[in-house]
Amino acid sequence: LLPVGKTPDFPGIIKVVLDEGIKVVETAGRNPEKVIKELKQHGIYVIHKCVAIRHALTAQRYGADMISMDGFECGGHPGEEDVGNWILLAKAGKTLSIPFVASG
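Description of the structure in this document. Just so you know, the residues in each chain are numbered from 1, in the order the chain's sequence is written. Side-chain atom pairs in this predicted model are given and counted only at pLDDT of 80 or more, local residue features only at pLDDT of at least 70, and totals for whole chains, interfaces and linings cover all residues. As a rule here, side-chain values cover all heavy atoms of the structure and leave hydrogens and water aside.

1. Comments concerning the side chain of Asp-65
Part 1 of the argument: Inspection of the secondary structure assignment puts Asp-65 in the loop between helix 3 (53-62) and strand 3 (66-70).
Part 2 of the argument: We call two residues contacting when some pair of their heavy atoms lies within 4.5 Å. In contact with Asp-65, other than residues within four places in its own chain, are Lys-40, Ile-44, Tyr-45, Val-46, Ile-98 and Pro-99. Runs of H or I in DSSP of at least four residues are treated as helices and runs of E of at least two as strands, each being numbered from the N terminus.

2. Here's the deal with the sheet that holds strand 3
Part 1 of the argument: Two strands are said to pair when DSSP picks up at least two bridges between them. Within the open sheet, the four strands sit side by side as 1-2-3-4. Their pairing is parallel. Single-partner strands in this sheet number two, and they are strand 1 (24-27) and strand 4 (100-103). Within this sheet the neighbouring strands show an average axis-to-axis angle of 25 degrees, counted without direction.
Part 2 of the argument: By the bridge criterion, four bridges tie strand 2 (residues 45-50) to strand 3 in an arrangement that is parallel. Every axis in this analysis is a line fitted to C-alpha atoms, fitted for helices over the stretch in contact. Angles between the N-to-C directions lie between 0 and 180 degrees.

3. Comments concerning the nonpolar core
Part 1 of the argument: Among the buried residues, those of types Ala, Val, Leu, Ile, Met, Phe, Trp, Tyr and Cys that are joined through side-chain atoms within 4.5 Å form a nonpolar core. Think of it in three bands: residues with accessible area under 20% of the maximum for their type are buried, residues over 50% are exposed, and the middle band is partly exposed, with areas taken using a 1.4 Å probe on protein chains only. Formed by 20 residues in total, the largest nonpolar core has its most connected members in Ile-36, Leu-39, Ala-56, Ile-67 and Met-69.
Part 2 of the argument: Each residue touching Ile-36, except ones within four places of it in the same chain, is listed here: Thr-27, Val-46, Ala-59, Tyr-62, Gly-63 and Ala-64.

4. Remarks on the environment of Cys-50
Part 1 of the argument: Looking at the element boundaries, Cys-50 is found in strand 2.
Part 2 of the argument: Here Cys-50 falls in the buried class, since its relative accessible area comes to 2%.
Part 3 of the argument: Ignoring any residue separated from it by four or fewer positions in sequence, one finds Cys-50 in contact with His-55, Ala-56, Ile-67, Ser-68, Met-69 and Asp-70.

5. Here's the deal with the pattern of salt bridges
Part 1 of the argument: Salt bridge criterion: a side-chain nitrogen from Lys or Arg within 4 Å of a carboxyl oxygen from Asp or Glu. As enumerated under the stated definition, the model contains five salt bridges in all.
Part 2 of the argument: Across the pair Lys-15 and Asp-19 runs a salt bridge, and its minimum N-O distance is 2.6 Å. With a gap of four residues between them, Lys-15 and Asp-19 both fall in helix 1 (residues 10-20), about one helical turn apart.
Part 3 of the argument: Accessibility expressed as a relative area gives 49% for Lys-15, which makes it partly exposed.

Written out as structure tokens, the structure is:
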């Protein structure tokens, strides 16, 4: 189980990614700026999971290579937007300038 209420050890996780030679990483969660920028400095392809177009635009601006759009129908925690994939994906196609995939 993951520790609850603790900030993940992002520098430690990134170190393992680099040490193991991982080339593609999916990120998710709050402001991804530091993590995306660190991964991109090392040539890693970054996919950021988003539940809202505004989050996808932010990740795109920070340098994400691809977006994983996660509509309200997904299992687990779909965010707080309550927007389904039929609407979310159509809007992503019109708004984003980077590739995206439907997830969830």
